[in-house]
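# Tertiary structure, described
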Amino acid sequence: MFYGFMNGMSALPLLRHGRSRSINWENRTGEKGAGCKASSALGPSRKGSPCIGHIDAGETVVLMDVEGTGVIQHIWVTITDETERGKFVLRDVVLRMYWDGEETPSVEVPLGDFFLNGFGRGYEVVSLPMVVNPKRGMNCYIPMPFRNHAKITIENQHAGGLGAFFYQIDYCLYDDLPEETGYFHAQWRRERITQLQKDYVLLDGVRGHGHYIGTHLMLSTLERYWWGEGEMKFYLDGDGAYPTQCSTGTEDYFGGAWSFGGYTDDQGRMLEKTYCTPYLGYPFYSRDDNFHNDYYNRDVPPMRSFYRWHVMDPVLFEEDLRVELQQIGVGPLGLFERQDDVASVAYWYQTEPHAPFPALPAARERWPR
């Protein structure tokens, strides 16, 4: 019996067979017995090469390139402080993952957005598959299997060079994987202004057998009044005009209710309440930009970030999948169609090969409004 995906509390006593490995800048191949070899002023094997010292603008660096059969169990990443020169750096660095020698990536997402840190901003997140700790300590626990090869890269699309990029990838090698094992995928999209009466598309063109496991939604509201009446819709296996599965509203899909109304200000006005839970969250709200100059600080639309993990309720499909979100609000005159700035990351497993992804917009086109 294969126990490689049973890394939970109840399975801890089960003894299993595999070969634990780890990759970072000190052991870049994950070779057995090859960690901590680099020297420092403290001497041999004393923290000699803990990070990538510099990544030039336009440079792509390979973080992992491993032959064999295995499962990535944990990825940890952090990056140097955001400065005015380094504004939006978390959205300027692109993370890509390739399984079993494929030419196009199964994962292509800006680094911060992948780890639930949207808008190029760093903030804390506490969920089961993803955790972001102070200060931008980004962790992913989503299992990522591969049958003969795994490759992970980052590309610096920032205008300047990056320094002090730290990372660690923990994985386990096995003799084989169950036949029904799917491959992990993640895709980033954005509409700077959504179209009236046309739903925002998080994911389409997916062909094959698989299941949808997560959503990261980043919303910059461009119109007045409540924005969250839109329903999340899952079109499964040949659905036509109407989806098989839908939510009752945006805040409902992310596990909230009644406009996230958690408390009121000193004038009695309701304020939205942010939260993090194992599977659903609203970790970030801000009306402030990230400039050091106060003149710009409040001159941005409100920014909100949400996540939902379908760990206990994956959305299964046998042949194809499309995921959309309505842009509907409500105001003094009732429901109305909205136009906002929406970005997203969709996470899913499927059989390979996968359909080509839409072209990732250039770095400047990914910057928050």
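Here, every reference points to the structure presented above.
The notes below deal with the structure included here. (Residues numbered from 1 in each chain as written. Predicted model: local features only at pLDDT ≥ 70, side-chain atom pairs only at ≥ 80, totals over all residues. Heavy atoms only, no water.)

### Comments concerning the packing of aromatic side chains
Aromatic ring pairs are described here by two measures, namely the spacing of the ring centres and the angle between the planes. Spelled out, the test is: A pair of aromatic rings is counted whenever rings of Phe, Tyr or Trp (Trp by its six-membered ring) have centres within 6.5 Å, and the orientation is called stacked for planes under 30 degrees apart, edge-to-face for over 60 and tilted otherwise. Numbering goes from the N terminus for both helices and strands, where a helix is a DSSP run of H or I of at least four residues and a strand is a run of E of at least two. When accessible area is computed with a 1.4 Å probe and restricted to protein chains, residues below 20% of their type maximum are described as buried, those above 50% as exposed, and intermediate ones as partly exposed. Two thresholds decide whether a charge sits over a ring: the Lys NZ or Arg CZ must be within 6 Å of the ring centre and within 35 degrees of the ring normal.
This model, assessed by the stated rule, comprises 27 aromatic pairs. A centroid spacing of 4.9 Å and a plane angle of 70 degrees characterise the contact between Phe-2 and Tyr-174, whose relative ring orientation is edge-to-face. Residue Phe-2 is found in the segment before strand 1 (19-23), and its partner Tyr-174 is found in the loop between strand 12 (162-173) and strand 13 (183-191); the two are separated by 172 residues along the sequence. Judged by relative accessible area, which is 7%, Tyr-174 ranks as buried. Above the plane of the ring of Trp-25 lies Arg-28, whose end atom (NZ or CZ) is 3.6 Å from the centre. The positively charged end of Arg-322 is found above the aromatic ring belonging to Tyr-235, 3.8 Å away from the centroid.

### Some details on the sheet that holds strand 16 (residues 232-236)
To keep things clear, this is the line we draw: Any two strands between which DSSP finds at least two bridges are classified as paired.
Strand order across the open sheet formed by 4 strands is 14-24-16-17, with antiparallel pairing between neighbours. The two strands at the open ends of the sheet, each matched to only one other strand, are strand 14 (200-207) and strand 17 (245-246). The pairing of strand 16 with strand 17 spans 2 bridges and is classified as antiparallel. Directly across from Phe-234, in strand 17, lies its bridge partner Gln-245.

### Here's the deal with the side chain of Ser-344
The line we're drawing: As used in this structure description, the phrase polar contact means that two N or O atoms lie within 3.5 Å; if the pair is within protein, one of them must be able to donate a hydrogen and the other to accept it, and residues adjacent in sequence are counted only when both atoms belong to side chains.
Mapped onto the elements of the fold, Ser-344 is located in strand 27 (residues 341-350). Accessibility expressed as a relative area gives 0% for Ser-344, which makes it buried. Here Tyr-200 takes part through its side chain, which lies 2.7 Å from a polar atom of the side chain of Ser-344.

### Concerning the pairing of strand 21 (residues 280-286)
Judged by how many residues are buried, strand 21 sits mostly within the fold: 5 of 7 residues are covered. Here strand 20 (residues 275-276) pairs with strand 21 via 2 bridges, running antiparallel. By the bridge assignment, Tyr-275 is partnered in strand 21 with Tyr-282. With 5 bridges connecting them, strand 21 and strand 22 (residues 303-309) associate as antiparallel partners. Residue pairing in the sheet places Leu-280 in a bridge with Arg-308 of strand 22.

### What to know about unusual backbone geometry
The amide bond that connects Pro-134 to the next residue, Lys-135, takes the cis arrangement and shows omega of -10 degrees. Topologically, Lys-135 is positioned in the loop between strand 8 (130-133) and strand 9 (137-140). Unlike most non-glycine residues, Leu-116 shows phi in positive territory, near 70 degrees. Along the polypeptide, Leu-116 turns up in the loop between helix 2 (111-114) and strand 7 (125-126).

### Brief notes about the environment of Gly-281
Test applied: Contact definition: two residues touch when any of their heavy atoms are within 4.5 Å.
Looking at where Gly-281 falls in the secondary structure, it is placed in strand 21. Apart from residues no more than four positions distant in its own chain, Gly-281 is found in contact with Phe-254, Tyr-275, Cys-276, Ser-305, Phe-306 and Tyr-307.

### Section: a nonpolar patch on the surface
To keep it simple, the criterion reads: Patch membership needs two things, relative accessible area over 30% and no salt bridge, and members are linked within 9 Å if like-charged or within 5 Å if nonpolar (Val, Leu, Ile, Met, Phe, Trp, Tyr). Using a 1.4 Å probe, the Shrake-Rupley method yields the accessible areas, and only the shown protein chains count as cover for residues. Salt bridges are counted wherever a side-chain nitrogen of Lys or Arg sits within 4 Å of a carboxyl oxygen of Asp or Glu.
A surface patch of nonpolar side chains, amounting to about 320 Å² of accessible area, comprises Met-1, Met-6 and Leu-14. Here Met-1 lies in the segment before strand 1.

### What about the pattern of salt bridges?
As enumerated under the stated definition, the model contains 12 salt bridges in all. Across the salt bridge formed by Arg-322 and Glu-324, the nearest N and O atoms sit 2.9 Å from each other. Residue classification places Glu-324 among the buried residues on the basis of a relative accessible area of 11%. Salt-bridge contacts for Arg-369 lead to Asp-341; the nearest nitrogen and oxygen are separated by 3.2 Å. Taken together, the positions of Arg-369 in the segment after helix 4 (363-366) and Asp-341 in strand 27 put the pair 28 residues apart, joining distant regions of the chain. A residue is classified by how much of its surface remains accessible, and Arg-369, at 32% relative accessible area, is partly exposed.

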